Amino acid sequence: MKRLPYITLSVIAAAVALIWACRNIGSPVYLSVDKITAGIFLEEERAVLPPGVELRGIYEKGLKLTKDSEGFRNHLYNDAARYCTIAYGHLVKLAPCDGSEPSHFLDGVTEPEGADLLRDDMETAETVVLTAVDVELTDGQYAALCDFVYNVGGGNFRSSTLRKVVNRKAFGEVPFQLRRWVKAGGREFPGLKTRREREIELFFENMTIPRAVPPADMDLTPIDIREGES
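In what follows, the accompanying structure is described. Given the structure is predicted, the values throughout are model-derived calculations rather than measurements. (Residues numbered from 1 in each chain as written. Predicted model: local features only at pLDDT ≥ 70, side-chain atom pairs only at ≥ 80, totals over all residues. Heavy atoms only, no water.)

We now examine the state of the cysteines. Under the defined criterion, the tally for this structure stands at one disulfide. Residue pairing for Cys84: its cysteine sulfur links by disulfide to Cys97, the two sulfurs lying 2.1 Å apart. Looking along the S-S bond of the Cys84-Cys97 disulfide, the torsion reads about 100°, which is the right-handed sense. On the criterion of sequence distance, the pair formed by Cys84 in strand S3 (residues 84-87) and Cys97 in the loop between strand S4 (90-93) and helix H3 (103-106) is long-range, its members being 13 residues apart. Each member of the pair Cys84 and Cys97 is classed as buried. (Disulfide = S-S within 2.5 Å. Helix = DSSP H or I, 4+ residues; strand = E, 2+ residues; numbered from the N terminus. Buried < 20%, exposed > 50% of the residue type's maximum accessible area, 1.4 Å probe, protein only.)

In this section: the packing of aromatic side chains. As enumerated under the stated definition, the model contains six aromatic pairs in all. A centroid spacing of 5.0 Å and a plane angle of 45° characterise the contact between Phe72 and Tyr88, whose relative ring orientation is tilted. Here the residue Phe72 occupies a position in the loop between helix H2 (60-70) and strand S2 (73-78), and Tyr88 occupies one in the loop between S3 and S4, the gap between them amounting to 16 residues. Plain terms: the ring middles of Phe171 and Phe203 are 5.4 Å apart, the flat faces sit at 80° to each other, and that makes the pair edge-to-face. Placement of Phe171 in the loop between helix H7 (161-167) and helix H8 (174-178) and of Phe203 in helix H9 (residues 190-203) is noted, with a sequence separation of 32 residues between them. Of the residues examined, Phe171 reaches a relative accessible area of 19% and is grouped as buried. Note that Arg56 overlies the ring of Tyr142, its terminal NZ or CZ placed 4.6 Å from the centroid. (Phe/Tyr/Trp six-rings, centres within 6.5 Å; stacked < 30°, edge-to-face > 60°. Lys NZ or Arg CZ within 6 Å of the ring centre and 35° of its normal.)

Let us now look at the nonpolar core. Of all hydrophobic cores here, the largest spans 47 residues; its most connected members are Leu145, Phe157, Leu162, Val166 and Val174. Of all elements in the fold, only H2, helix H4 (111-132), helix H5 (139-152), H7, H8, strand S5 (181-184) and H9 reach the threshold of two or more residues within this core. At nine residues, the largest contribution of residues to this core is made by H5. The residues contacting Val166, other than those within four sequence positions of it, are Val133, Val135, Leu137, Leu145, Phe171 and Val174. By size, the runner-up hydrophobic cluster in this structure holds ten residues, among which are Cys84, Cys97, Phe105 and Val109. (Core = buried A, V, L, I, M, F, W, Y, C linked by side-chain atoms within 4.5 Å. Contact = heavy atoms within 4.5 Å.)

Our focus in this paragraph is the sheet that holds S2. With mixed pairing, the four strands of this open sheet are ordered in space as S1-S2-S3-S4. Two strands bound the open sheet, and with one partner strand each, they are strand S1 (31-32) and S4. As paired elements, S3 and S4 share three bridges and run antiparallel to each other. Bridging from a neighbouring strand, Thr85 pairs with Leu91 of S4. (Pairing = 2+ DSSP bridges.)

Below, the structure is given as structure tokens:
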């Protein structure tokens, strides 16, 4: 077979590249962000409130914690798992953004719209806390646990030592247990450490945060929020 001259091959390659570029002119480009999908979105089973029980609502200081931890983006983006996301970590779909998303997301959202999405999403976390915690909680304690559940997922919270110490009212152990949940995908995230400290501060709002040495038999092994407590 006769070999094409080198210059001919170069021209063909350039033409192919030009055709591809022309076809993709105007195609949206979605930013990828090293941000973790909220665990509450990764669960198929959702908690259900018992009859007569109503959502308590999260006060503004609690919502601000979640907003600060999630960060606001008014446009669609792909998170660290390549899931299409918008606003305050609102999951659009478990796949990369490709332009087929609901029309009201394609042009972006305002901050108030993002805040409304967050309030709706946090109702799932509220339901978990209301059905998993048996003791009375202050507004700060409730909001801190809702933020934790939103981040790690309801199943992980239900099976956690954190939930057990809260239900025992052993609040002095709460900081130690919260500080364990700082890994994702096998590595520690500074953002998760910061989030846990914010939750501790909110949990002990208007109280002194316990600084005591943890009990000798307490397990302080770091926990991966994608795997949960073994």
